Amino acid sequence: MNTPQGTVHKTPNDLRDKLKANSAVWAAWGDITPLARNEFNCWVTDAKKPETRARRVDIAFDKLSKGARRPCCWIGCTHRTDKQISPSVQAILTKRSGE
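One structure accompanies this document, and this report is about it.

Here is what the cut-offs are and how they apply
Numbers given to residues run from 1 along each chain, matching the order in which its sequence is written. In keeping with the model being predicted, local features are shown solely for residues with a pLDDT of at least 70 and side-chain atom pairs are shown and tallied solely at 80 or more, while totals for entire chains, interfaces and linings include all residues. The side-chain figures draw on all heavy atoms in the structure; neither hydrogens nor water molecules are used. With axes taken as lines fitted to C-alpha atoms, and helix axes fitted only over the stretch in contact, angles between N-to-C directions fall between 0 and 180 degrees. Counting from the N terminus, the helices are DSSP H or I runs at least four residues long and the strands are E runs at least two residues long. Each angle gets one of four labels, with under 35 degrees taken as roughly parallel, over 145 as roughly antiparallel, 65 to 115 as roughly perpendicular, and the rest as oblique. Two residues form a contact once any of their heavy atoms are found within 4.5 Å. Only buried Ala, Val, Leu, Ile, Met, Phe, Trp, Tyr and Cys residues count toward a nonpolar core, and they belong to the same one when joined by side-chain atoms within 4.5 Å. Buried residues are those whose accessible area, probed at 1.4 Å on protein chains only, stays under 20% of the maximum for their type, while exposed residues exceed 50% and partly exposed ones sit between those limits.

## Quick look at the packing of helix H3 (residues 34–45) against helix H4 (residues 50–65)
Logical step 1: Two elements in contact, H3 and H4, have axes whose closest approach is 8 Å; the angle formed by their N-to-C orientations is 155 degrees. When the axes of H3 and H4 are compared, the pair comes out roughly antiparallel. On the side of H3, the interface is formed by Phe-40, Trp-43, Val-44 and Thr-45, while H4 contributes Arg-53, Arg-56, Val-57, Ile-59, Ala-60, Lys-63 and Leu-64.

Right, dumping it as structure tokens:
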């Protein structure tokens, strides 16, 4: 089976391999929208440290196994080119950058 992708980000191998290890979780991955997959993909790849990335892969697996359809507390993918970043997300990004 092909890996269902997101709208911008290709599913990273570590996340794909973890999800495919459980058929129910893999089915849940295929059932969420491309935008939702994109947010999980971006959330995982946005991690700066390998241990953070590994933890996010595990959390994504856990969330999907419990029926969640989006990563919690994630401002969303800022890499999308089909829409502008909302003012609330822009404020968060500005605050994080220390401007």
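Picking up where we left off.
## Considering the nonpolar core
Logical step 1: Counting 14 residues, the largest nonpolar core has Leu-15, Leu-19, Trp-29, Ile-32, Phe-40 and Leu-64 as the members making the most contacts within it.
Logical step 2: The contacts of Leu-64, once residues within four sequence positions are left out, are Leu-19, Val-25, Ala-28, Trp-29, Ile-32 and Phe-40.

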